[in-house]
Structures are given as structure tokens and as C-alpha cells.
Amino acid sequence: MLAQVLRRVSRVEDNPLELVELPTPTPGRGEILIKISACGVCHTELDEVEGRLPCRLPVILGHQVVGRVEQLGEGVNRFNIGDRVGVAWIYYACGRCYHCVNGEENLCDNFKGTGCDVNGGYAEYMTVSEDFAYHIPGGLDDTHTAPLLCAGAIGYRALKLTGMRNGETIGLYGYGASAHIIHQVIKSMYPDSKIYVFTRRRNDASSQLAEKLGADWIGVTGDTPPSRLHRAIDTTPSGLVIKEALRNLEKGGRLVVNVIRKETPVPEIEYSEYLWGEREVKSVANITRRDVQEFLVAAARTPLKINVTEFKLSEAGSALLSLKYGRHTGAAVLKIF
Ligand SMILES: [Zn+2]
Ligand SMILES: [Zn+2]
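In this text, all values refer to a predicted model and were calculated from it rather than measured experimentally.

## Regarding unusual backbone geometry
Move 1: Of note, the bond from Leu-57 into Pro-58 is cis; its omega dihedral lies within 30 degrees of zero at -5°.
Move 2: Tracing the sequence through the fold places Pro-58 in the loop between helix H1 (43-49) and strand S4 (65-72).
Move 3: One non-glycine residue with positive phi stands out, namely Glu-278, at about 60°.
Move 4: Here Glu-278 lies in the loop between helix H8 (271-274) and strand S15 (280-283).
Move 5: For Asn-286, which is not glycine, the phi dihedral falls at a positive 60°.
Move 6: Relative to the helices and strands, Asn-286 is located in the loop between S15 and helix H9 (289-301).

The following block contains the structure:
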């Protein structure tokens, strides 16, 4: 099979992915072999390539995988050959540690991430335990479904963690793959809420997309919105945004930071000005299978418009560069079969 392999940590500009021919993996006991049709490109992969998130090397990146079951390992009973199937970031959780036992498998001490600790979806085939694969409901085609598996599902987890209630105002800092999906979910779940969007540059393609999707106000980081935010989600690599979002937060409000690593430091904040008044900051770490399942069901009910820019498997390096420099809107997806 063809696969894009990452062998060393490097700047994305130095094009570290190598397109190579590898043996197609064989599914072990309880595993399925997937023929991959589409794999989303996620900001986490920039962190993996550039060394902010340590991974096993060499590795095949990719954790928003959609395909068809090609072969069943011994003992598989949830899937049949030909089923449409998805894989997300959670590849394994032990089921026994403190966090797993308490329903927080995303925090598992032995957590394995797809396309990081094990090979993922920048390839023609991959294997996964049937326990960590998802049936994909109809509706969207494969390319438009791929971004639901991380951008959508983790955005949904972030939204749940904000504690949002209908009628409250929410700020979205950063407007990429995740935010443009979650924007539509918020509109459907909380119809009386206001959604304020903060983008990188004024009138850029992302802010035009936010306008098309009906944002109530659009500005750039540093702007003061028309009213304070009860909830905020930050999906940007900038440390400054944490301070900015706190500055605009209402008393009792909560900021959820949905990134693994910030590329720039978080500035010092003055406690009584930024945190006092029961303001909270919470991070999002990984994802549970339940988040993915719940979100796939919610997504099938909501008429989502997923904005996708397609790349070939051989263009994975260009897709990462495009993501790093914000050259495309919505989600980048590798179209494989
Ligand atoms: Zn991701
Ligand atoms: Zn565990």
C-alpha cells in the first residue's frame, strides 16, 4: 500500500513526509482492516511533525479516517466486510486505570493516539480494534465526513465542557475546521444564543465563511465584542488568545482551550482583572468514544455544511503547509480511494 511516513521531527516547510510503498497490514484478533477513502488533516499533525507533540517514529499520521471494512480479524462481531467505518484520535484506552474506570478514557494513563502512537490514515489501509471504530450514518459523503471525526467530535467535546446554556453568548476564537462545524451545532442546539467569531485577519476567507454561516458578530483577536462572553472556545495556536478571551469573559464565564500545544507563550495575567469573578479556564484533552458516537448521531440530524479543501495522498505535505499558513478555509482532507 502507499503511505505517507513521518521519520523525523522537522519544520513542515522542510517537507518531512515521505510517500512510500509498505506492506498492507493484517488485522489481528478483534481488529478490522480498513480500505481508507478519506482522511482529514488536523492541526495536531502540525504539532506532531514539528515536535510539539512527541510521537512514535516512524509513524503514519492521520486520525480522521473514513473507509470501508476490507477484512475481519478473528473474533470480530460488530462489523461486516463492506461496512462504512470511521476511526478517530482515540485508538486505545486501557479500561482499568483510575480515569477509565471513572468514564474519562480520554485521560487514560495508557492512552494511544491514532497516527501518533500507532499508524493512522495518511495511507491506503490501516487496522484498528473493532472496539475503537465507528459505524458512520448516511448523509454526508466520505470526504465531508472525515472532518467530523476530530474537528467535529472534539469541537463537540469542547462545547459540552463550556457548560453552555441556550440564550448565552459564546465566543469562538479561531475559525478553522473545528469552529465552522461547531458553529452550526451551536445554532441548532442553542437557537437563542449569540455567536461571536474572532479570526486571524479582518475580512479573510475564514471571516467570510463565518458570515455565510450566520455569525452575530465577527472581529479579530484584540477586538472587544458588543457584549461580554458567557462561554468561549479557543482553537488557536496563540498564547495571547487565552488572555484576550479572559478579558472579554463575563463573571462566572468559562473559557475552554481546545489545543494540545500553544506555539507562543501565554502572557502573564493580573488575577483580579482576568480571573476573579469565578471565571474559569479549562483545557480539552483527547476524546472519548462516547463523544464521537454522540457527535456522529447529532451530526446526522443537523444539516451540516462542511467546507472541505481536497488534497491527494501524495499532496499531504502541501495540505499541512496550507493549514499552517491558513491558506484554505474549513477542513483539509486527503482523498485516498
Ligand atoms: Zn485532530
Ligand atoms: Zn485507562
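## Comments concerning helix H6 (residues 205-212)
Move 1: Regarding H6, the residues found buried are Ser-206, Ser-207, Leu-209 and Ala-210. For H6, the angular spread of the buried residues around the axis is 155°, confining them to a single face. Opposite the buried face of H6, at more than 90 degrees from it, the exposed residues are Glu-211 and Lys-212.
Move 2: Structurally, H6 contributes buried residues whose contacts are with helix H5 (177-189), strand S11 (194-199) and strand S12 (217-220).
Move 3: Gly-214 lies just past H6 and shows a positive phi near 90°.

## Observations regarding the nonpolar core
Move 1: By size, the foremost hydrophobic cluster in this structure holds 98 residues, and its most contacted members are Ile-34, Ala-88, Tyr-122, Ala-153, Leu-172, Val-197 and Leu-334.
Move 2: When residues of this core are assigned to their parent elements, the largest contribution, 7 residues, is made by strand S3 (residues 31-41).
Move 3: Two domains each provide a minimum of three residues to this core, namely domain 1 (2-150 + 287-335) and domain 2 (153-283).
Move 4: Discounting chain neighbours no more than four positions away, the residues touching Leu-172 are Ala-179, His-183, Ile-195, Val-197, Phe-198 and Ile-233.

## So, the sheet that holds S15
Move 1: Reading across from one edge, S12-S11-S10-S13-S14-S15 is the order of the 6 strands in this open sheet, with parallel pairing throughout. Every interior strand has two partners, whereas the edge strands, S12 and S15, have only one. Strand-to-strand twist across the sheet, computed as the mean angle between neighbouring axes with direction ignored, equals 20°.
Move 2: For strand S10 (residues 169-173) and strand S13 (residues 229-234), the ladder comprises 4 bridges, and the chain directions are parallel. Counterpart to Leu-172 in the pairing with S13 is Ile-233.
Move 3: Most of the contacts of helix H7 (residues 240-247) go to strand S14 (residues 249-257), to which it runs at about 155°, and overall it touches S10, S13, S14 and S15.

## Thoughts on the environment of Gly-40
Move 1: Structurally, Gly-40 can be placed in strand S3.
Move 2: Residue classification places Gly-40 among the buried residues on the basis of 29 C-beta atoms within 10 Å.
Move 3: For the pair Gly-40 and Ala-177, spaced 137 residues apart in sequence, the C-alpha separation works out to 9.7 Å.
Move 4: Sequence-distant contacts of Gly-40, defined by excluding residues within four places in its chain, comprise Gln-64, Ala-146, Pro-147, Leu-149, Cys-150, Ala-151, Ala-331 and Val-333.

## As for the environment of Lys-262
Move 1: Following the sequence through the fold, Lys-262 ends up in the loop between S14 and H8.
Move 2: Of the residues examined, Lys-262 has 17 C-beta atoms within 10 Å and is grouped as partly exposed.
Move 3: The spacing of Lys-262 and Thr-309 is 47 residues in sequence and 25 Å in space, taken between C-alpha atoms.

About the criteria used
- Residues numbered from 1 in each chain as written.
- Chains lettered and ligands numbered in written order.
- Predicted model: local features only at pLDDT ≥ 70, side-chain atom pairs only at ≥ 80, totals over all residues.
- Helix = DSSP H or I, 4+ residues; strand = E, 2+ residues; numbered from the N terminus.
- Buried ≥ 20, exposed ≤ 12 C-beta atoms within 10 Å, placed from the backbone.
- Arc of directions from axis to C-beta.
- Contact = placed C-beta atoms within 7 Å.
- Core = buried A, V, L, I, M, F, W, Y, C linked by C-beta atoms within 7 Å.
- Domains from an automatic or database assignment.
- Pairing = 2+ DSSP bridges.
- Axes fitted to C-alpha atoms, helices over the stretch in contact; angles between N-to-C directions.

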